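Remarks on the overall topology
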Amino acid sequence: CVNIFCSGISPILSCLSAFTREYNIQHRNLILNLTTIALYIKRIQLPSMPDSEMLAAIKWQVKPEVPFDLERACIDFSIVKEIAKEDGTKSSDIICVASPEAEIKTQILLFRKAGFNALSVVPLLFGYTKLAAKYYLHNSNETLGVLHIAEEKSSITFHKDGNLEFFRYLPISINKLKEVLGGTIISDKGKIQLTPQETNEILFKYGIPIDDNFMYKD
């Protein structure tokens, strides 16, 4: 099973097809971790109710703020924990996620035409939850934080006991870092401006240095 982090379908399909041909890989199953489609995620609380009623209640609560038609969307949820209140009532702490069905189908069909079979579709943030539970968290008291920095947008997530406990999108991205690094700097050596090649070299060869004395080409 091939785990695909989609940041652009066409380039990934080309690379994946070439890779499987070069190494004569017969496996065609994959899990799609989608990052490019419209995605709504929110943590909400609802009164405890049967699972059969939960999805309808989630739709009713989040519908006013979801930027697409929920009747034509794929929706799922995960119960983070059950909460017992002082008055004796109970509620469910829930992470819900929704995405337009048409966009998901389009990506699945593109992979199918290239000869691959999508076993499931998992948003990237929940993919990190699975990786955390399997490889990093060894007891229920541990929490793992993941900072995901992508080209267009970034996020921070916290994962515990097999659940996505917290997430926030962050106002930083690789493109924004490139924009800042490529700006004009006036110093005692005159005007300095890095080329696109130099900004890429700093980001992907040196990263963001912890040492305040880091120097790049004087």
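Everything that follows concerns the structure shown earlier in this document.
Residues numbered from 1 in each chain as written. Predicted model: local features only at pLDDT ≥ 70, side-chain atom pairs only at ≥ 80, totals over all residues. Heavy atoms only, no water.

Re the packing of helix H5 (residues 174-181) against helix H6 (residues 196-206)
Interhelical geometry of H5 versus H6 gives an angle of 125 degrees and a closest axis separation of 9 Å. For the element pair H5 / H6, the angle class is oblique. Seen from above, H5 lies across H6 with right-handed handedness. Of the residues in H6, those touching H5 at Ile 174, Leu 177, Lys 178 and Leu 181 are Thr 199, Asn 200, Ile 202, Leu 203 and Phe 204. Split by residue class, the contact of H5 with H6 holds six nonpolar, two polar and one charged. (Axes fitted to C-alpha atoms, helices over the stretch in contact; angles between N-to-C directions. Helix = DSSP H or I, 4+ residues; strand = E, 2+ residues; numbered from the N terminus. Parallel < 35°, antiparallel > 145°, perpendicular 65-115°, else oblique. Left-handed = near helix turned anticlockwise from the far one by under 90°. Contact = heavy atoms within 4.5 Å. Nonpolar A, V, L, I, M, F, W, Y, C, P; charged D, E, K, R; others polar.)

Describing the sheet that holds strand E9 (residues 163-170)
What holds strands together in a sheet is hydrogen bonding between their backbones, with the strands either parallel or antiparallel. Pairing in this open sheet of three strands is antiparallel, and the strands run E7-E8-E9 from one edge to the other. Lying at the two open borders of the sheet, with one neighbouring strand each, are strand E7 (144-149) and E9. Each strand of the sheet is rotated relative to its neighbour by a mean of 15 degrees, with strand direction disregarded. By the bridge criterion, seven bridges tie strand E8 (residues 154-160) to E9 in an arrangement that is antiparallel. Across the sheet, Thr 157 pairs through a bridge with Phe 167, a residue of E9. Against the sheet, helix H4 (residues 124-136) touches E7, E8 and E9, its axis set at about 40 degrees to E8. (Pairing = 2+ DSSP bridges.)

Digging into the side chain of Ser 173
Among the secondary structure elements, Ser 173 is positioned in the loop between E9 and H5. With a relative accessible area of 2%, Ser 173 lands in the buried category. In contact with Ser 173, not counting residues within four places along its chain, are Ile 149, Ala 150, Glu 151, Glu 152, Lys 153 and Ser 154. (Buried < 20%, exposed > 50% of the residue type's maximum accessible area, 1.4 Å probe, protein only.)

Description of the sheet that holds strand E5 (residues 90-100)
Read across the open sheet, the three strands follow the order E3-E5-E4; overall the sheet is antiparallel. Each edge of the open sheet is held by one strand with a lone partner, namely strand E3 (40-47) and strand E4 (73-84). Across the sheet, the mean angle separating the axes of adjacent strands is 20 degrees when strand polarity is ignored. Where E4 lies against E5, eleven bridges are found, and the strand directions are antiparallel. Note on E5: the bridge partner recorded for Glu 82 is Ser 92. Contacting E3, E4 and E5, helix H2 (residues 51-62) runs over the sheet at an angle of about 120 degrees to E3.

Quick word on the pattern of salt bridges
Under the definition given, this model contains six salt bridges. For Glu 101, the salt bridge goes to Lys 105, with nearest N and O atoms at 3.4 Å. Placement of both Glu 101 and Lys 105 in helix H3 (residues 101-113) is noted, with a separation of four residues, approximately one turn of the helix. (Salt bridge = Lys/Arg side-chain N within 4 Å of Asp/Glu carboxyl O.)

That's the geometry; what it means functionally is another story.
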